[in-house]
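Chains, contacts and geometry: an overview
Below, each chain spelled out in residue letters.
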Amino acid sequence: MAEIDREKESKEILEAYEGLLSAAKHAKTDGATQERMRTAFYVAVEAHKNDRRKSGEPYIFHPIAVARICAEEIGLGATSIICALLHDTVEDTEITLEDIQEQFGEQEALIIDGLTKISGVVDNNVSIQAENFRKILLTLSEDVRVILIKIADRLHNMRTIGSMRRDKQLKIASETLFLYAPMAHRLGLHSIKLELEDLSLKCQHPEVFEEIQVKLKKTQEVRARFIRKFTSPIKDELERKGLKFEVKGRSKSIYSIWNKMTTKNIPFEEVYDLFAIRIIIDSLSEGEEKSDCWQVYSVVTDFYQPNIERLRDWISAPKTNGYESLHTTVMSPTGKWVEVQIRTRRMDDIAEKGFAAHWKYKEGGVESQFDKWINQVRELLENSDESTLDLIGDFKLNLFTDEIYVFTPNGDMKSLPTGASALDFAFTVHTQVGVNCLGAKVNNKLVPLSHQLNSGDQVEILTSKNQTPKEDWLNFVQTHRAKSKIKHSLNEEKRKVAKEGKVILEREFKKLKISYENISLKELQSFYKVPSDIELYYEIAINKIDLTKLKEFEVRKGVLRPKRKITKRVQNLFGQKKSLVPVTQKMGRPVLVIGDNMEKLDYQLANCCNPIPGNEVYGFITVTEGIKVHKTSCPNTVQLMSNYAYRIIKASWIDEQDAAFLTGLKIIGIDDVGIVNGITQIISNEHNVNMRSLSFDSLDGVFEGRVMVLVQDTSHLTNLIKNLKGVSGVKKIEQIDK
Ligand code: MN
């Protein structure tokens with residue numbers, strides 16, 4: 001092993017720190033703050049003095065680099081820099097949160113606590129799990145700096161991922177794509193988002209990454225020439241108008257090219273929008289920005305024909321992440337569509353650095369759009385009683401997809417996720433408006449509730465006091481807000497009706513002279529195959545449940561008749577004319593149901609996580625092996641969900657009895673001493689079949705048996721029939737209803 005040159009190392013560490021300080025010049029720091037920063041540096045150096053990174057270098061280089069990213073690339077201030085320097089101390093060293101609070105203050109301790117929680121959640125080598133995602137979002141809503149520092153941390157880890165073990169690399173990369181890149185995007189950290197995506201792709205598919213990189217390089221010269229030629233008349237004209245500006249030809253990121261190639265299934269050569277042209281104007285004042293941008297638009301479209309459908313005005317209506325820009329796509333003389341992005345220097349800064357750049361332009365801190373977003377996150381988390389898997393879906397849908405902007409009749413603007421319906425809009429106006437929504441007028445035309453809205457639509461909601469939410473509304477609403485309000489209201493409605501059902505049930509038991517208190521509601525639920533007591537009462541009230549079957553329930557419960565053992569009984573039966581044997585049902589063996597309709601489909605349990613009954617699971621539709629069932633906490637979950645969300649299918653364990661259906665078999669054969677034994681043995685050996693009753697007739701040497709069985713699906717039944725045919729003496733088997 002090479003000797004470590006400590007002296008050289010300390011020199012390098014100090015240099016790194018000085019690099020950080022010069023990158024942090026923008027942070028208005030007084031002497032005291034500088035002192036605190038230095039203290040943070042020394043505390044971190046001391047704490048990590050024995051730690052080394054996988055690459056072999058002293059650990060302290062990592063927190064310094066993270067702090068530098070915070071300062072230089074995100075534009076954060078002193079508090080964040082201090083926290084970034086200390087971000088791994090509480091997690092990995094002797095230093096405690098109390099130490100931090102004492103030495104640096106409450107805010108710092110809070111942020112580091114948040115960071116420690118997240119790393120406990122994410123870096124814990126099991127990779128991120130659905131529940132952890134939620135935790136991260138909760139932390140996010142406490143102090144956004146936590147997540148910004150975490151993104152910086154992740155960025156540095158991705159930049160230095162080469163020295164990690166391959167399996168860890170892949171996990172970190174998929175997590176980055178699934179969580180950190182969208183988060184960075186949402187926070188408006190555009191260049192960091194692009195870099196995270198590119199680094200992840202490079203790690204996951206190095207050959208693909210390299211191939212695209214090489215092709216981009218090869219075509220660079222041609223592109224540059226094209227851009228020069230294309231922009232030259234525009235430049236001349238803008239100069240003539242006396243505008244100060246900069247023109248850039250920017251190629252798309254490798255990740256987004258790859259994304260386009262895979263989603264559209266086209267080769268590199270067919271990706272037509274490899275680059276965009278950006279015109280950045282140095283406006284004299286903020287008041288002139290908008291008209292400057294439109295002036296440039298006017299010049300551009302004087303030379304080239306625009307595609308009106310692809311005009312995007314994010315200046316009049318900025319995106320929630322703060323993005324402002326004017327995008328147009330115009331036809332070049334060579335017959336190629338070219339995207340032109342027009343924005344001012346301020347807008348460009350915000351687009352690149354995002355949220356943090358706002359500080360530079362807006363006194364008093366966080367922009368209101370951003371506040372709004374944080375509130376949305378909070379609302380989402382607080383109202384959620386759904387499974388985390390659903391939550392992630394909703395969350396990604398609501399917060400990571402692009403938005404549309406629609407207007408109220410008064411001209412107020414509301415933003416909604418792409419694909420939102422008129423009903424979603426109604427719920428954003430007010431819960432009561434949503435609940436009573438009858439229909440809508442979009443741009444003065446009457447449309448159904450499910451009508452999908454487009455940007456720019458003006459929407460008027462029609463309501464009626466008599467309207468109440470319907471079950472099928474859930475099929476087309478997109479926003480989490482609408483969904484949870486509808487569900488809530490449906491439950492309310494159900495509860496009301498259910499009350500009547502309970503009265504009916506109590507009356508029925510009275511008729512049977514059974515005290516209601518002695519009944520196990522749980523057993524009654526599984527008897528009627530309903531998931532909850534509310535559902536039970538509700539279905540009784542709407543006459544969906546047949547109460548005449550209650551007697552049967554009592555028989556099965558053994559209240560009216562004693563339980564009997566099947567084998568003995570069968571022996572005694574032999575030779576008798578006819579009899580019915582009640583069979584005690586084994587309760588509650590869990591089985592897996594899949595999809596929204598809770599069907600019993602064929603599946604395999606994934607080898608990577610070996611789910612067992614009771615685990616929270618989901619199905620994944622594989623290309624060649626059908627449905628594979630994974631635990632939600634499976635290490636592959638992140639990768640599967642992030643790359644193949646559309647192949648994920650719901651799955652859950654329910655009691656076997658709930659899924660089984662009752663069917664009968666008529667068995668005809670030659671009367672023989674062994675035949676009953678043979679039949680019962682086959683049935684009890686069949687794992688997925690439960691016997692409900694048996695009866696036998698024996699007449700003149702001809703044996704006729706009737707068996708009622710609970711099976712889970714036809715394949716089990718077919719199998720049972722096949723095996724029964726093997727019993728000696730059995731001649732014929734028919735499926736019967738009763
Ligand atoms: Mn770290």
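Residues numbered from 1 in each chain as written. Predicted model: local features only at pLDDT ≥ 70, side-chain atom pairs only at ≥ 80, totals over all residues. Heavy atoms only, no water.

A few points about the overall build of the protein
What the protein contains, in helices and strands, is 30 helices and 20 strands. When the 738 residues of the protein are sorted by exposure, 48% land in the buried category. For the protein, the share of sequence-separated contacts (at least 6 apart) that also reach a separation of at least 24 residues comes to 67%. (Helix = DSSP H or I, 4+ residues; strand = E, 2+ residues; numbered from the N terminus. Buried < 20%, exposed > 50% of the residue type's maximum accessible area, 1.4 Å probe, protein only. Contact = heavy atoms within 4.5 Å.)

Remarks on the sheet that holds strand β4 (residues 326–331)
A sheet is described by the order of its strands in space; here five strands give the open sequence β1-β2-β5-β4-β3, paired in mixed fashion. Only two strands of the sheet have a single neighbouring strand rather than two, namely β1 (245–251) and β3 (312–313). Of the pairings in the sheet, the one linking β3 to β4 comprises two bridges and is antiparallel in character. From the neighbouring strand, Arg-312 faces β4, where its bridge partner is His-327. (Pairing = 2+ DSSP bridges.)

Some details on unusual backbone geometry
What is expected of a backbone is that most residues other than glycine have negative phi and most peptide bonds are trans. The backbone of Asn-444 shows a phi angle near 70 degrees, a positive value even though the residue is not glycine. If you trace the backbone, Asn-444 turns up in the loop between β8 (437–442) and β9 (445–447). On the accessibility criterion, Asn-444 (68% relative accessible area) is exposed. Positive phi is not limited to glycine here, since Asn-543 has a value of about 65 degrees. Since its relative accessible area comes to 67%, Asn-543 is described here as exposed.

A look at the packing of aromatic side chains
According to the stated counting rule, one finds nine aromatic pairs in the structure shown. Note on Tyr-17 and Phe-41: the rings are 4.0 Å apart at their centroids and 10 degrees apart in plane angle, and the pair reads as stacked. Of this pair, Tyr-17 sits in helix α1 (residues 6–23) while Phe-41 sits in helix α2 (residues 31–47), and the two are 24 residues apart along the sequence. For Tyr-17, a relative accessible area of 6% corresponds to the buried category. Taking relative accessible area as the criterion, Phe-41 reaches 2% and is therefore assigned buried. (Phe/Tyr/Trp six-rings, centres within 6.5 Å; stacked < 30°, edge-to-face > 60°.)

Quick word on the environment of Val-530
Secondary-structure assignment places Val-530 in the loop between α23 (521–527) and α24 (533–541). In this structure the C-alpha to C-alpha distance between Val-530 and Ile-545, which are 15 residues apart in sequence, comes to 9.8 Å.

A word on the environment of Lys-487
Assignment of secondary structure puts Lys-487 in helix α22 (residues 480–511). C-alpha of Lys-487 to C-alpha of Pro-469: the two residues are 18 residues apart in sequence and 8.4 Å apart in space.

Examining the coordination of the manganese ion
At this site the manganese ion is bound by His-62 (NE2), His-87 (NE2), Asp-88 (OD) and Asp-153 (OD), with donor distances of 2.2 to 2.5 Å. As a motif over one chain, the donors of the manganese ion read H-x24-H-D-x64-D. One end of the pair, Asp-88, is in the loop between α4 (78–85) and α5 (89–92); the other, Asp-153, is in helix α9 (residues 144–159), and 65 residues separate them in sequence. Classification of Asp-88 as buried rests on a relative accessible area of 8%. (Donors = N, O, S within 2.8 Å, 3.2 Å for Na, K, Ca; no water.)

Quick notes on the nonpolar core
Counting residues in hydrophobic clusters, the biggest one holds 63 residues, and the most contacted among them are Leu-86, Ile-151 and Leu-196. Sort the elements by how many residues they give to this core and α9 lands first, with nine residues. Two domains each put at least three residues into this core: domain 1 (6–202) and domain 4 (569–653). Listed in part, the 38 residues of the second largest apolar core include Ile-234, Tyr-255, Cys-293 and Tyr-297. (Core = buried A, V, L, I, M, F, W, Y, C linked by side-chain atoms within 4.5 Å. Domains from an automatic or database assignment.)

Observations regarding helix α11 (residues 190–204)
Its 15 residues give α11 an end-to-end C-alpha distance of 21 Å, which sits within 8% of 21 Å, the value for a rise of 1.5 Å per residue. Of the positions making up α11, those classed as buried are Ile-192, Lys-193, Leu-196, Glu-197, Asp-198, Leu-199, Ser-200, Leu-201, Cys-203 and Gln-204. Packed against the buried residues of α11 are α3 (61–73), α9, α10 (166–186), α12 (206–218) and α14 (254–264). (Expected span 1.5 Å × (residues − 1).)

Details of α24
Taken together, the buried positions of α24 are Glu-535, Leu-536, Tyr-537, Glu-539 and Ile-540. Taken together, the buried residues of α24 touch α22 and α23. Looking at the residues trailing α24, positive phi occurs at Asn-543, about 65 degrees.

Notes on the pattern of salt bridges
It is possible for side chains bearing opposite charge to pair when their charged atoms get close. Going through the model one piece at a time under the given rule, you end up with 28 salt bridges. As a salt-bridge pair, Glu-12 and Lys-8 come within 3.6 Å of each other at their nearest N and O atoms. Here the residue Glu-12 and the residue Lys-8 both occupy positions in helix α1, the gap between them amounting to four residues, near one helical turn. Across the pair Lys-732 and Glu-734 runs a salt bridge, and its minimum N-O distance is 3.1 Å. One salt-bridge network, held together by shared partners, links Arg-250, Arg-278, Arg-343, Asp-348 and Glu-352. (Salt bridge = Lys/Arg side-chain N within 4 Å of Asp/Glu carboxyl O.)

Quick notes on the confidence of the model for the protein
Summary statistics for the protein give a mean pLDDT of 79 and a share of 80% for residues scoring 70 or more. The spread of mean pLDDT over the elements of the protein runs between strand β11 (residues 581–582), the lowest at 32, and helix α15 (residues 289–303), the highest at 94. Note on residues 363–367: pLDDT is under 50 here. Beyond four places in sequence and across chains, it has six contacts. (pLDDT = per-residue confidence, 0-100.)

Quick notes on the packing of α2 against α4
Where α2 contacts α4, the axes come no closer than 8 Å and their chain directions differ by 10 degrees. Overall, the two elements α2 and α4 adopt an arrangement that is roughly parallel. Along the contact surface, α2 presents Thr-33, Arg-36, Met-37, Ala-40, Phe-41 and Ala-44, while α4 presents Ala-78, Ile-81, Ile-82 and Leu-85. (Axes fitted to C-alpha atoms, helices over the stretch in contact; angles between N-to-C directions. Parallel < 35°, antiparallel > 145°, perpendicular 65-115°, else oblique.)

Points about the sheet that holds β8
Taken in spatial order, the three strands make up an open sheet running β9-β8-β10, and their pairing is antiparallel. The sheet is open, and its two edges are formed by β9 and β10 (459–463), each paired on a single side. Taking the axes of each pair of neighbouring strands and ignoring which way they run, one obtains an average angle of 30 degrees across the sheet. Pairing of β8 with β10 involves five bridges; the strand directions are antiparallel. Looking across to β10, one finds that Val-442 is bridged to Val-459.

A look at the environment of Ile-654
Note that Ile-654 resides in strand β16 (residues 648–655). The exposure class of Ile-654 is buried, given its relative accessible area of 18%. Placed 61 residues apart in sequence, Ile-654 and Val-593 show a C-alpha to C-alpha distance of 7.1 Å.

A word on the side chain of Thr-176
Counting through the fold element by element, Thr-176 comes out in helix α10. Judged by its relative accessible area of 0%, Thr-176 falls in the buried class. Separated by 3.0 Å, the side chains of Thr-176 and Arg-154 make a polar contact. (Polar contact = N/O pair within 3.5 Å; in protein donor to acceptor, adjacent residues only side chain to side chain.)

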